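Given next are the chains, with one letter for each unit.
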Amino acid sequence: MRLRRTLTASGTTAALLLAVGCAGNDTGAPEQAEQLQTGEGTKKQVTMAEVQQNDSTDSCWTVIENIVYDITAWVDQHPGGPDRIEQLCGTDGTESFTDQHSGASGPQSRLAEFQIGQLAG
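Fair warning: this is a prediction, and the values are worked out from it, not measured in the lab.

Definitions and cut-offs
- Residues numbered from 1 in each chain as written.
- Predicted model: local features only at pLDDT ≥ 70, side-chain atom pairs only at ≥ 80, totals over all residues.
- Heavy atoms only, no water.
- Helix = DSSP H or I, 4+ residues; strand = E, 2+ residues; numbered from the N terminus.
- Buried < 20%, exposed > 50% of the residue type's maximum accessible area, 1.4 Å probe, protein only.
- Contact = heavy atoms within 4.5 Å.
- Pairing = 2+ DSSP bridges.
- 1 Å grid on protein atoms, 1.4 Å probe; cavity = no way out; pocket = protein on both sides within 12 Å on 5 of 7 lines; lining within 4 Å.
- Points joined across faces, edges and corners; volume = space filled by probe spheres on them.
- Arc of directions from axis to C-beta.
- Disulfide = S-S within 2.5 Å.

**Overview of the overall build of the protein**
Consideration 1: Across its full length, the protein carries 5 helices and 8 strands.
Consideration 2: For the protein, the N- to C-terminal ordering of α and β elements is β-β-α-β-α-β-β-β-α-β-α-α-β.
Consideration 3: Every one of the 121 residues in the protein was classed for burial, and the buried ones make up 34%.
Consideration 4: Counting only contacts in the protein whose residues sit at least 6 apart along the sequence, the fraction spanning at least 24 positions is 60%.

Written out as structure tokens, the structure is:
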């Protein structure tokens, strides 16, 4: 587990971001501290319309419990096959994700790697 500290220009606000990785299974997903931070420690706001525009395997965003994730890099790596992820592209995948992975810490930790913001509204 890696812990990164990001400070604002004034140095008065510190935000801790937790990047959880699976050893030996690097997806190449970008670390997204700069995308998560937008000012005084708030998360980037993403509209559902923006999520819906990213509805393909070339750009696959989904919402799970009001958090927006770019899971494009995970499509071809999902142990259950790409079709399990493709159905989430451009949608609110909360129900599908929780039905499949409820209570499992591994999938939740893996998902955290792809977080890009909070659902607006």
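**Things to note about the pairing of strand S6 (residues 67-70)**
Consideration 1: As defined by bridge partners, strand S5 (residues 59-64) adjoins S6 across 4 bridges and the pair is classed as antiparallel. From the neighbouring strand, Ile64 faces S6, where its bridge partner is Ile67.
Consideration 2: Taking the residues that link successive antiparallel strands as the turn, the S5-S6 hairpin has 2 residues, and the phi of Glu65 there is positive, at about 50°.

**Quick look at the layout of surface pockets**
Consideration 1: Empty space within the second largest pocket amounts to approximately 320 Å³.
Consideration 2: In terms of lining residues, the second largest pocket is bounded by 20 residues, among which Trp74, His78, Ile85, Phe97 and His101 are the most central.
Consideration 3: Going through the elements one at a time, S5, helix H3 (82-86), helix H4 (94-101) and helix H5 (105-112) are the ones with two or more residues in the lining of the second largest pocket.

**Focus: the pairing of S5**
Consideration 1: The element S5 is extensively covered by neighbouring structure, given that 5 of its 6 residues are classed as buried.
Consideration 2: Here strand S4 (residues 55-56) folds back onto S5 in antiparallel fashion, the turn holding 2 residues.
Consideration 3: Across 2 bridges, S5 lies against strand S7 (residues 91-92) in parallel orientation. Bridge assignment links Val63 to a residue of S7, and that residue is Asp92.

**Focus: H4**
Consideration 1: Listed as buried for H4 are Thr94, Phe97 and His101. An end-on view of H4 places all buried positions within 75° of arc, on one side of the element. What points out from H4, more than 90 degrees from its buried face, is the exposed set Glu95 and Asp99.
Consideration 2: Once H4 ends, the next one or two residues include Gly103, with phi positive near 85°.

**Some points on the state of the cysteines**
Consideration 1: Evaluation of the coordinates by the stated rule reveals 1 disulfide.
Consideration 2: Note that Cys60 is cross-linked by a disulfide to Cys89, the S-S spacing being 2.1 Å. Every disulfide takes its handedness from the sign of the S-S torsion; for Cys60 and Cys89 that torsion is -100°, giving left-handed. Here the residue Cys60 occupies a position in strand S5, and Cys89 occupies one in the loop between H3 and S7, the gap between them amounting to 29 residues. As far as the burial class goes, Cys60 and Cys89 line up, both buried.

Shape descriptors only; they carry no functional weight alone.
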